[in-house]
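Here is how the chains run, residue by residue.
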Amino acid sequence: MTVNAGRKITALLGAALLLTACASKEERAGVAQASSGDGWSAGRPVVKVGLIGPMTGALAVVGIAQENSVKVEIDRLNAAGGVGGAKYELVVRDTALDPAKAVQAANEFAGDESVGLVIGPALSAFYNAAKGTLESSKKVNCQPLVATGDFSGLAYGFRAQDPVSLDVAKMVAHLKAEGVTSIGVVYEGDDAGKGTADEVKKQAEAAGLTWKGFEATRADDQSHRPYIDKLKDAGAIWISNSSGGAKTMAAASEAGYKGLIVGGSGARNISFVEAAGDAADGTLFSATYYPYPSRDSRDTWKPGFRQHIEETEKRFGKNAGPKTGAESPKAAEIAADCVLAYTRAAEKAKSLDPDAVAAALDTIEISDQETPSGNSISPDKHEFFGLDDIHIYQWKKDDKGWSTVEITR
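The structure presented is a predicted model; accordingly, all values stated were derived computationally and were not measured.

Our focus in this paragraph is the nonpolar core. Formed by 40 residues in total, the largest nonpolar core has its most connected members in Tyr-88, Leu-361 and Phe-384. For this core, the secondary structure elements donating two or more residues are strand 1 (46-53), helix 3 (60-79), strand 3 (115-119), helix 12 (333-349) and helix 13 (354-361). The dominant element in this core, judged by the number of residues it contributes, is helix 12, at nine residues. Counting residues in hydrophobic clusters, the runner-up holds 32 residues, among them Met-249, Ile-270, Val-273 and Tyr-289.

The following block contains the structure:
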């Protein structure tokens with residue numbers, strides 16, 4: 001090394017020490033906090049997680065469950081050191097089931113550089129309205145409540161829910177094995193309903209089942225009996241993931257429908273049981289891992305799922321139907337998966353740069369033993385879950401009340 005080079009290095013080191021000495025206590029603390037244990041720094045003391053969902057209105061229970069799960073996971077990760085030494089902070093925006101508010105919240109988060117991850121907006125139609133903004137602003141986003149649509153063409157959007165294509169594939173295979181020969185759909189006439197009906201029709205016909213048609217419901221329907229009457233000869237009727245599904249259950253019971261009532265993961269919500277009562281007994285639904293409420297010991301649950309559910313119950317309690325007594329956790333575990341996956345991707349990329357994180361997200365592998373949802377996370381074309389993560393469950397009522405039973409063959 002030359003003398004001049006040595007002097008330059010000494011001068012630079014001295015300048016750095018002088019700047020550190022002159023920095024405020026808060027600034028020095030921020031730098032220290034934003035350095036991780038494995039040698040990379042987030043470059044900031046806080047990384048915000050923006051959650052967009054229905055916190056008020058008819059689906060508030062869904063939004064609140066997401067918020068609870070994200071809080072629990074953020075606290076767990078922060079206790080373990082956060083991400084790149086930075087701590088997570090949750091920011092929540094309520095859509096109140098208004099798509100304009102969903103877009104407004106997406107615009108807000110898109111323009112906020114401190115927001116590293118956006119979760120939501122919940123529901124397919126709302127996400128469709130907001131995803132352009134999230135894509136153009138390069139905002140990494142994770143969607144635990146968007147069942148329809150294609151994520152493979154997105155750069156920054158990832159789905160942390162079982163897509164309807166997987167739910168339908170699992171259910172159609174089960175129905176065919178059970179000897180069911182025909183199926184129809186009763187669902188809202190929106191994006192989710194049309195997408196679901198198209199998927200059921202395509203896969204059912206490919207499997208040799210007869211397609212009985214799609215009955216599009218309306219929000220002001222007092223009863224779904226007319227739709228059931230039109231599909232009375234179907235061996236199975238696929239119902240909506242939203243509250244309208246309960247009306248279909250009730251109408252099927254009233255009509256004495258003899259076929260099977262089936263649906264996707266939305267049917268795990270106890271609001272279906274509350275609204276439909278005994279008519280929900282026997283309903284089949286395909287969903288990611290969900291042994292709740294069950295008659296099995298919690299010792300059989302996957303460790304990450306059990307830890308997350310028990311911590312959520314400890315902090316926020318349970319949902320309990322006032323009419324039926326059916327229970328569910330005040331949690332949406334797949335929303336917590338979003339934060340865990342983002343953290344693993346950022347740690348792998350050693351960066352919060354959205355392009356680097358998005359690229360890493362498609363390469364991470366997380367065991368089903370450690371995720372909050374009990375599902376393995378192995379993204380493929382921006383989808384967190386695969387067919388192996390989908391199960392068939394059935395609502396059952398006995399002398400002890402309501403429970404979900406996994407149907408295996």
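The structure having been displayed, the exposition proceeds.
A word on the sheet that holds strand 5 (residues 157-159). Strand order in this open sheet of five strands is 2-1-3-4-5, and the pairing throughout is parallel. Each end of this open sheet is capped by a strand with a single partner; those strands are strand 2 (87-94) and strand 5. Averaged over all pairs of adjacent strands, the angle between strand axes in this sheet comes to 20°, irrespective of strand direction. Here strand 1 pairs with strand 2 via eight bridges, running parallel. Bridging from a neighbouring strand, Gly-50 pairs with Val-91 of strand 2. Helix 3 contacts strand 1, strand 2 and strand 3 of the sheet and is inclined by roughly 170° relative to strand 2.

In space, the seven strands of this open sheet follow the order 7-6-8-9-10-13-14, with mixed pairing throughout. The two strands at the open ends of the sheet, each matched to only one other strand, are strand 7 (210-217) and strand 14 (401-406). Sheet twist, expressed as the mean angle between neighbouring strand axes with direction ignored, is 25°. Relative to strand 10 (residues 284-287), strand 9 (residues 260-263) runs parallel, the two sharing two bridges. Its bridge partner being in strand 10, Val-262 is matched across the sheet by Leu-284. Contacts between helix 7 (residues 191-206) and the sheet are confined to strand 6 (182-188), strand 7 and strand 8 (236-238), with strand 6 contributing the most and set at about 170° to the helix.

Within the structure shown, the criterion is met by 23 salt bridges. Of the charged contacts in the structure, one is a salt bridge between Glu-199 and Lys-202, with a shortest N-O distance of 3.6 Å. Within this pair, Glu-199 and its partner Lys-202 are both found in helix 7, separated by three residues, close to a single helical turn. Taking the relative accessible area as the measure of exposure, Lys-202 reaches 51% and is therefore exposed. Among the salt bridges present, the one from Arg-268 reaches Glu-333, with a minimum N-O distance of 3.3 Å. Of the two residues, Arg-268 is situated in the loop between strand 9 and helix 10 (270-276) and Glu-333 in helix 12; the sequence distance between them amounts to 65 residues. An identical accessibility class is assigned to Arg-268 and Glu-333; each is buried. Among the charged side chains, a network of salt bridges with common partners joins Arg-298, Asp-299, Arg-306, Glu-310 and Glu-313.

Moving on, we get to the packing of aromatic side chains. According to the stated counting rule, one finds ten aromatic pairs in the structure shown. Look at Tyr-290 and Tyr-292: their rings are 6.3 Å apart centre to centre, the planes differ by 45°, and that puts the pair in the tilted class.

Buried residues dominate strand 3, accounting for five of its five residues. Relative to strand 3, strand 1 runs parallel, the two being bridged by four bridges. Looking across to strand 3, one finds that Leu-51 is bridged to Ile-119. What joins strand 3 to strand 4 (residues 141-143) is helix 5 (residues 124-136), and the crossover it makes is right-handed.

This paragraph deals with the packing of helix 4 (residues 99-110) against helix 5. In the contact formed by helix 4 and helix 5, the axes pass within 9 Å of each other and the chain directions differ by 20°. Looking at the two axes, helix 4 sits roughly parallel to helix 5. By crossing handedness, the relation of helix 4 to helix 5 is classed as right-handed. Contacts from Pro-99, Ala-102, Val-103, Ala-106, Asn-107 and Ala-110 in helix 4 reach Phe-126, Ala-129, Ala-130, Thr-133 and Leu-134 in helix 5. Here the residues of the contact of helix 4 with helix 5 are counted per class, giving nine nonpolar, two polar and no charged.

For the rest of this paragraph, the subject is the environment of Gln-394. With respect to the element layout, Gln-394 can be found in strand 13 (residues 391-398). Residue classification places Gln-394 among the buried positions, given a relative accessible area of 17%. Between the alpha carbons of Gln-394 and Ser-286 there is a distance of 8.8 Å; along the sequence they are 108 residues apart. Gln-394 has contacts with Gly-282, Thr-283, Leu-284, Phe-285, Ser-403, Thr-404, Val-405 and Ile-407, leaving out every residue within four places of it along the chain. Polar contacts involving the side chain of Gln-394 include one to the main-chain carbonyl oxygen of Gly-282, which spans 2.9 Å.

Mapped onto the secondary structure, Ser-286 falls in strand 10. Assessed through its relative accessible area of 0%, Ser-286 is described here as buried. Within the local environment of Ser-286, its side chain forms a polar contact with the backbone oxygen of Asp-167, the two atoms lying 3.0 Å apart.

With that out of the way, let us pick up the environment of Asp-98. Topologically, Asp-98 is positioned in the loop between strand 2 and helix 4. Note: C-alpha distance between Asp-98 and Pro-54 (44 residues apart in sequence) is 8.6 Å. A polar atom in the side chain of Asp-98 sits 2.9 Å from the backbone nitrogen of Ala-100.

Analysis parameters
Residues numbered from 1 in each chain as written. Predicted model: local features only at pLDDT ≥ 70, side-chain atom pairs only at ≥ 80, totals over all residues. Heavy atoms only, no water. Core = buried A, V, L, I, M, F, W, Y, C linked by side-chain atoms within 4.5 Å. Buried < 20%, exposed > 50% of the residue type's maximum accessible area, 1.4 Å probe, protein only. Helix = DSSP H or I, 4+ residues; strand = E, 2+ residues; numbered from the N terminus. Pairing = 2+ DSSP bridges. Axes fitted to C-alpha atoms, helices over the stretch in contact; angles between N-to-C directions. Contact = heavy atoms within 4.5 Å. Salt bridge = Lys/Arg side-chain N within 4 Å of Asp/Glu carboxyl O. Phe/Tyr/Trp six-rings, centres within 6.5 Å; stacked < 30°, edge-to-face > 60°. Right-handed = clockwise from strand over helix to strand, strands pointing away. Parallel < 35°, antiparallel > 145°, perpendicular 65-115°, else oblique. Left-handed = near helix turned anticlockwise from the far one by under 90°. Nonpolar A, V, L, I, M, F, W, Y, C, P; charged D, E, K, R; others polar. Polar contact = N/O pair within 3.5 Å; in protein donor to acceptor, adjacent residues only side chain to side chain.

As far as function goes, none of this settles anything; it's purely spatial.
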